[in-house]
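Structure at a glance
This is what each chain is made of:
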Amino acid sequence: MTPIIQVEHLIKRYRKTEQPAVDDISFNVEAGEFFAFLGPNGAGKTTTISILTTTLAPTSGQVMIAEHDLNHQAHEIRRKIGIIFQKPSLDLELTAEENIRLHVCVQGLYTYTPFYRLMPAAYRHRIEELASIVNLGGDLFQPLKTFSGGMQRKLEIIRSLMHNPTILFLDEPTAGLDAESRASLWQYLLEVQHSKQTTIFLTTHYIEEAEVADHVCIINHGKITLHATPYQLKQRLLDRYVLVDAADHEQLKAELTSRGITFSTNGSGFKIPYTGPTPQDVIARLETPLSVLEIYEPSLEEAYVHLLNEGAAQ
Amino acid sequence: MNRSYKELNAVVAIAARDVVRFARTPRYLIESFIYPLVFMGLLGGSLAQNLGGGANFSLSQFMLYGVVVMMLYQSNMGSVISLLMERDNNFTQVLFVAPISRYAIIIGKIIGGTITSLFTLLGVFAVALLMQIPFALSDVGNVLLLAPVICIAGGALGILFIGIINDAQAANQSGAILVFTQVFLAGLLFPVSQSSGILSVLSHLMPMTYLGDLMRNLVFAGHPDYDEIVLYSPAVDLAVTIGVTVMCIVVGTVLFVRSERNR
């Protein structure tokens, strides 16, 4: 199947700058996939997402989105995407509902009417459904000036989903949301992804949000430094090991040696690296009664930090 | 919804947004009365008292329609320039990722600006009443007839401006300078038929000259001093205005979209 997003040798050099913000990157995103695009500030994430969402022209390279060429069919692409921008992009002089109404009308979903009650029932049901998911139901008709940053974010999320986009671009979507809202939002976004086969393209600072991604792409200084599944990323970059010790320290050491198990010693016991999906094989082979058993599984965040540090050292 | 209907729907939604914003911002309504008061009451009153004696016609009446043109023009130009401010606070991104043409966005802004500009006419005629400047209801009708043309022309120059100047503050300041330069050179507040040399050349180059003249062609038709008041025939005024406006909209939109995408 053709990838829904195909990026080939994409370069973006801003005017009056020598260093490209995006420097010859290539990657594919499959339809229905949850794709996480990670990188530190200034890495090129927002530039890439701006190009993919047609608001910024690339310097060179080829981009195909939903089988449409970005350079020639931007209009068709815009019909298929939804976006949550990094910075709030709402009109504070309007109410929450008026902001959504403007969006659906410029998207061509519904004919504009000056009053909510004159809008079609389908629109009213959809907005109420989405508002209840992010707990904004009671505030839809309040002026946006009275909204907190978190509430504005929720409203942008509703807006991005109103037209059931094929691809949803999320540029740090949960920035400013409390933990509860973040959790309920992700629950809903993943439901949307699974039920409607929506492709999610995420950039985020919360690395744990990318743990559930199908693929993670790390960009730094405008270049892609790694493209893998979260599991592959962790496996490739960091040791996974079991830390064991026994009351009879010497007996355990002798057993490890006799069984040919690779280990190293640290102050807390014996560190045994493993490569399989779980450390079960290693533990099952040991007969010496253990007094310490700790499984060290690196988080994506640790792998990510490690990768960035490696890049900085180079 | 077919493509044309979608574009039209978007134009209406964008224009309606500007009207709603205008209605909810008391400052705009207050300004609708303050500007005419300053220009007609203070500046106009002073000019009429000190210089009006030399003219064969009522300078106050002459200025009334000049102020109408100036306010509609400036107000709509500002409305389009506000796209830059909205870009700075990220709002325009929402419009730019919508599946509509850039012309729909620009035309929506111009129409929104046109409707809100009409409110400012209330202020102008209220001040005219206060100052006992004579005008007939048919004059108000003529003004309403021409108002969309003036607004679109002002908006068109605004588009060209934001296509060339990318900074909101700079565009606002330069826009204000350009409008006031035109107000004087185009003879909106006092006749410039006696201008000569470079001032005369500049006067003929200003788009506002033809708008002001078109307005005077309408409201002073049949006036005994018509020939002294107007510069060109209405056909010339209209042709120049349409030409400049279309050029500004097309070139300005292309430049603006390019500057937004090719940063």
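Given the structure is predicted, the values throughout are model-derived calculations rather than measurements.

The rules behind these values
- Residues numbered from 1 in each chain as written.
- Chains lettered and ligands numbered in written order.
- Predicted model: local features only at pLDDT ≥ 70, side-chain atom pairs only at ≥ 80, totals over all residues.
- Heavy atoms only, no water.
- Helix = DSSP H or I, 4+ residues; strand = E, 2+ residues; numbered from the N terminus.
- Buried < 20%, exposed > 50% of the residue type's maximum accessible area, 1.4 Å probe, protein only.
- Contact = heavy atoms within 4.5 Å.
- Areas by Shrake-Rupley, 256 points an atom, 1.4 Å probe, with all protein chains shown as cover.
- Lys, Arg positive; Asp, Glu negative; His and termini not counted.
- Charge placed at Lys NZ, Arg CZ, Asp CG, Glu CD.
- Rg over C-alpha atoms; globule rule 2.2 N^0.38 Å.
- Salt bridge = Lys/Arg side-chain N within 4 Å of Asp/Glu carboxyl O.
- Phe/Tyr/Trp six-rings, centres within 6.5 Å; stacked < 30°, edge-to-face > 60°.
- Lys NZ or Arg CZ within 6 Å of the ring centre and 35° of its normal.
- Pairing = 2+ DSSP bridges.
- Polar contact = N/O pair within 3.5 Å; in protein donor to acceptor, adjacent residues only side chain to side chain.
- Buried area = accessible area lost by both parts, 1.4 Å probe.
- Nonpolar A, V, L, I, M, F, W, Y, C, P; charged D, E, K, R; others polar.

With that settled, the discussion passes to the overall build of chain A. Each helix and strand in chain A was counted, giving ten helices and 14 strands. Each of the three principal axes of chain A carries a C-alpha extent, and together these read 80 × 45 × 35 Å. The buried share among the 314 residues of chain A stands at 53%. Here the analysis covers contacts within chain A between residues at least 6 apart in sequence; of these, 67% occur between residues at least 24 apart. With an accessible surface of roughly 14200 Å², chain A has 51% of that area assigned to carbon and sulfur atoms. Charge separation in chain A, taken as the distance between the mean sites of 27 positive and 38 negative side-chain charges, equals 8 Å.

Further remarks concern the overall build of chain B. A count of helical and extended segments in chain B gives eleven helices and zero strands. For chain B, the succession of helices and strands along the chain, N to C, is α-α-α-α-α-α-α-α-α-α-α. Whereas a compact globule of 263 residues would reach a radius of gyration of roughly 18 Å, chain B reaches 19 Å, a difference of no more than 12%. By principal-axis analysis of the C-alpha atoms, chain B measures approximately 60 × 40 × 35 Å. Looking at chain B residue by residue over its 263 residues, the buried ones come to 52%. In chain B, once contacts between residues fewer than 6 apart in sequence are set aside, the share between residues at least 24 apart is 78%.

Counting buried positions along helix 3 (residues 96–106) of chain A yields eleven of eleven residues, so the element is predominantly enclosed. All of the buried residues in helix 3 of chain A are A:Ala96, A:Glu97, A:Glu98, A:Asn99, A:Ile100, A:Arg101, A:Leu102, A:His103, A:Val104, A:Cys105 and A:Val106. Buried residues along helix 3 of chain A sit against helix 4 (121–133) and helix 5 (149–161) of chain A together with helix 1 (3–24) and helix 4 (91–96) of chain B. Phi turns positive, to about 80°, at A:Gly108, one or two residues after helix 3 of chain A.

Residues and elements named next belong to chain A. In this structure the tally under the stated criterion is 18 salt bridges over all chains. Notably, a salt bridge pairs Arg159 with Glu156, separated by 3.4 Å at the nearest N-O pair. Here Arg159 pairs with Glu156, and both are found in helix 5, just three residues apart, close to one helical turn. Pair check on accessibility: Arg159 and Glu156 agree, each one buried.

This next bit is on the packing of aromatic side chains. All names here are of chain A. A full pass over the atoms with the stated rule returns 19 aromatic pairs over all chains. Centre to centre, the rings of Phe27 and Phe201 are 6.1 Å apart; their planes meet at 35°, and the pair counts as tilted. Here Phe27, found in strand 2 (residues 22–29), pairs with Phe201, found in strand 8 (residues 199–203); they are 174 residues apart in sequence, far enough to count as distant. Judged by its relative accessible area of 3%, Phe27 is buried. Each member of the aromatic cluster is reached from another via a ring pair, and the members are Phe27, Phe35, Phe37, Phe169 and Phe201. Sitting over the face of the ring of Phe115, Arg117 holds its NZ or CZ atom 5.4 Å from the ring centroid.

Turning our attention to the environment of B:Ala239. Residue and element names in this part refer to chain B. Following the sequence through the fold, Ala239 ends up in helix 11 (residues 234–261). We classify Ala239 as exposed; its relative accessible area is 51%. It is 27 Å that separates the C-alpha atoms of Ala239 and Ile165, two residues lying 74 residues apart in sequence.

A word on the pairing of strand 4 (residues 60–65) of chain A. Consecutive side chains along a regular strand alternate between the two faces of the sheet. Residue and element names in this part refer to chain A. Here strand 1 (residues 5–12) runs beside strand 4; their pairing, made up of five bridges, is antiparallel. Among the inter-strand pairings, Val7 is bridged to a residue of strand 4, identified as Val63. Following strand 4, the chain reverses through two residues before pairing antiparallel with strand 5 (residues 68–69); Ala66 in that reversal takes a positive phi of roughly 50°.

This part takes up the side chain of A:Thr113. Residues and elements named next belong to chain A. The topology assignment puts Thr113 in the loop between helix 3 and helix 4. Only 2.9 Å separates the side chain of Thr113 from the backbone oxygen of Phe115, close enough to count as a polar contact. The contact partners of Thr113, leaving out residues within four places of it in the chain, are Arg101, Leu118 and Met119.

Each partner contributes to the interface: chain A provides 35 residues, whereas chain B provides 34 residues. Of the roughly 3100 Å² buried where chain A meets chain B, counting both sides, 55% is carbon and sulfur surface. Counting across the chain A and chain B interface gives three salt bridges. In this structure, A:Asp91 engages B:Arg21 in a salt bridge whose closest nitrogen and oxygen atoms are separated by 2.6 Å. For the pair chain A and chain B, the number of links is eleven residue pairs in polar contact (both at pLDDT 80 or more). Contributions of two or more residues to the side of chain A that touches chain B are made by helix 2 (74–80) and helix 3 of chain A. In terms of residue count, helix 3 of chain A provides more of the side of chain A that touches chain B than any other element does, six residues in total. Taken together, the residues of the side of chain A that touches chain B sort by class into 14 nonpolar, eleven polar and ten charged.

What follows concerns unusual backbone geometry. Residues and elements named next belong to chain A. Positive phi, close to 50°, is recorded for His9, a residue that is not glycine. The residue His9 is located in strand 1 in this model. On the basis of relative accessibility, which here comes to 48%, the residue His9 falls in the partly exposed class. The phi angle at Thr54 is positive, at roughly 75°, despite the residue not being glycine. If you trace the backbone, Thr54 turns up in the loop between helix 1 (45–52) and strand 4. Classification of Thr54 by relative accessible area gives buried; the value is 1%.

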